[in-house]
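# Close look at the chain arrangement
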Amino acid sequence: MKLETAKQNRILSIRLLPDGFSFYTGPNKESQLLTYSSTIRPGDDYLSLLKDAVFENKLTEEEYLSIHIISVGAPFTFLPDELISKEEYSSFFPTLSKGFGQPVYMSNSIQSIGRVLLYFMEEDLYFFLQRNFPEAHFIHQITPLTSFYLHSKEDETKHCDLFVHCEKQQISLFLTSQEGILFANTFAYHSPNDAIYYIMNTFQQFKFDQLTDRILLNGTTEYTSEIRSILQKYVSNVTFREDDKKQPLDITTLS
């Protein structure tokens, strides 16, 4: 790919959310800004609206240094590296895609934890994106976030850290210890109390100490303020990291 002009050095990120999609562009990965966002209402045709937005924004007419297509909220599971061949992990497919249409199964290798993240995308959606952006890297949101939170542990003590990544009606939990990532999962919620249930259930499941172990919230104030207020009633050590409204953390941390 030629890189003579600034335009040709641009980065494009397409975030696919459960209820919509967003486009981010910038001269480099640290400077990508939101250029388009759409919310999908119940009954809308997701793929048709995405196609219209891609062509109306002339995304296929540009040349990019790199393109990332990020799935946010798609069901996923972690598997050991040794199960990387499709034949060996195919038994997990029906569980991941239950209730969805014809899927295409995707995998991201996370070398820092020796695991493969397995997820899926609707077939028609995948082939539209792959056909129009053949050089794109398909990534699940959890892939860059896992590496980020793994290296965000504050110290080398025996204390566990529970990172809570908050988005619109969705939280992702990452449990870290000296051994690395012990647990990661994403939960949809309708009220802050639902989110508190998932967080405290994880605390109990892993026998956390509510006086010494830490919860670190990440997200915009819009999505974290109520959750944080309730959590502080139950857990002594709750801290907060403000997310950049203009650039989500998964885009910032992509390599």
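It should be noted that the structure appears before, not after, this text.
Residues numbered from 1 in each chain as written. Predicted model: local features only at pLDDT ≥ 70, side-chain atom pairs only at ≥ 80, totals over all residues. Heavy atoms only, no water.

Turning our eyes to something else, we now look at the sheet that holds strand S5 (residues 76-80). Here three strands make up an open sheet; going across it, the order is S5-S7-S6 and the pairing antiparallel. The open sheet has two edge strands with one neighbour each: S5 and strand S6 (103-110). Strand-to-strand twist of the sheet, defined as the mean angle between neighbouring strand axes without regard to direction, takes the value 30°. Here S6 pairs with strand S7 (residues 115-122) via eight bridges, running antiparallel. Its bridge partner lying in S7, Pro-103 is registered against Glu-122. Across the face of the sheet, helix H4 (residues 123-132) comes into contact with S6 and S7 while running at roughly 100° to S7. Lying on the sheet, helix H5 (residues 142-150) is in contact with S5, S6 and S7; it crosses S6 at an angle near 20°. (Pairing = 2+ DSSP bridges. Helix = DSSP H or I, 4+ residues; strand = E, 2+ residues; numbered from the N terminus. Axes fitted to C-alpha atoms, helices over the stretch in contact; angles between N-to-C directions. Contact = heavy atoms within 4.5 Å.)

This paragraph deals with the environment of Gln-170. Turning to its location among the elements, Gln-170 is positioned in strand S10 (residues 170-177). Classification of Gln-170 by relative accessible area gives buried; the value is 9%. With 98 residues separating them along the chain, Gln-170 and Val-72 place their C-alpha atoms 9.6 Å apart. Dropping the residues within four chain positions of it, Gln-170 is found in contact with Pro-18, Val-72, Gly-73, Gln-141, His-165, Thr-186, Phe-187, Ala-188 and Tyr-189. (Buried < 20%, exposed > 50% of the residue type's maximum accessible area, 1.4 Å probe, protein only.)

This brings us to the packing of helix H6 (residues 192-205) against helix H7 (residues 221-231). Running from N to C, H6 and H7 cross one another at 55°; their axes reach a closest spacing of 9 Å. Taken as axis vectors, H6 and H7 run oblique relative to one another. Our pair here, H6 against H7, has a crossing hand that is right-handed. Counted together, Pro-192, Asn-193, Ala-195, Ile-196, Ile-199 and Met-200 of H6 and Glu-226, Ile-227, Ile-230 and Leu-231 of H7 form the full contact between these two elements. (Parallel < 35°, antiparallel > 145°, perpendicular 65-115°, else oblique. Left-handed = near helix turned anticlockwise from the far one by under 90°.)

A few words now on the packing of helix H1 (residues 46-56) against H4. One way to put it is that H1 packs onto H4 with a least axis distance of 10 Å and a crossing angle of 15°. Relative to H4, the element H1 lies roughly parallel. Handedness of the crossing formed by H1 with H4: right-handed. Side by side, H1 and H4 meet where Tyr-46, Leu-47, Leu-50, Lys-51, Val-54 and Phe-55 of the first sit next to Asp-124, Leu-125, Phe-128, Leu-129 and Asn-132 of the second. Of the residues in the contact of H1 with H4, the class split is eight nonpolar, one polar and two charged. (Nonpolar A, V, L, I, M, F, W, Y, C, P; charged D, E, K, R; others polar.)

Scanning the entire structure with this criterion turns up 16 aromatic pairs. Centre to centre, the rings of Tyr-126 and Phe-138 are 5.1 Å apart; their planes meet at 45°, and the pair counts as tilted. On the criterion of sequence distance, the pair formed by Tyr-126 in helix H4 and Phe-138 in strand S8 (residues 137-140) is long-range, its members being twelve residues apart. One aromatic cluster is present, formed by Phe-21, Phe-23, Tyr-36 and Tyr-46 through successive ring pairs. (Phe/Tyr/Trp six-rings, centres within 6.5 Å; stacked < 30°, edge-to-face > 60°.)

Let us look at the side chain of Thr-220. Looking at the element boundaries, Thr-220 is found in the loop between strand S12 (214-219) and H7. Setting aside residues up to four positions removed in sequence, Thr-220 forms contacts with Phe-240, Glu-242, Asp-243 and Lys-245.

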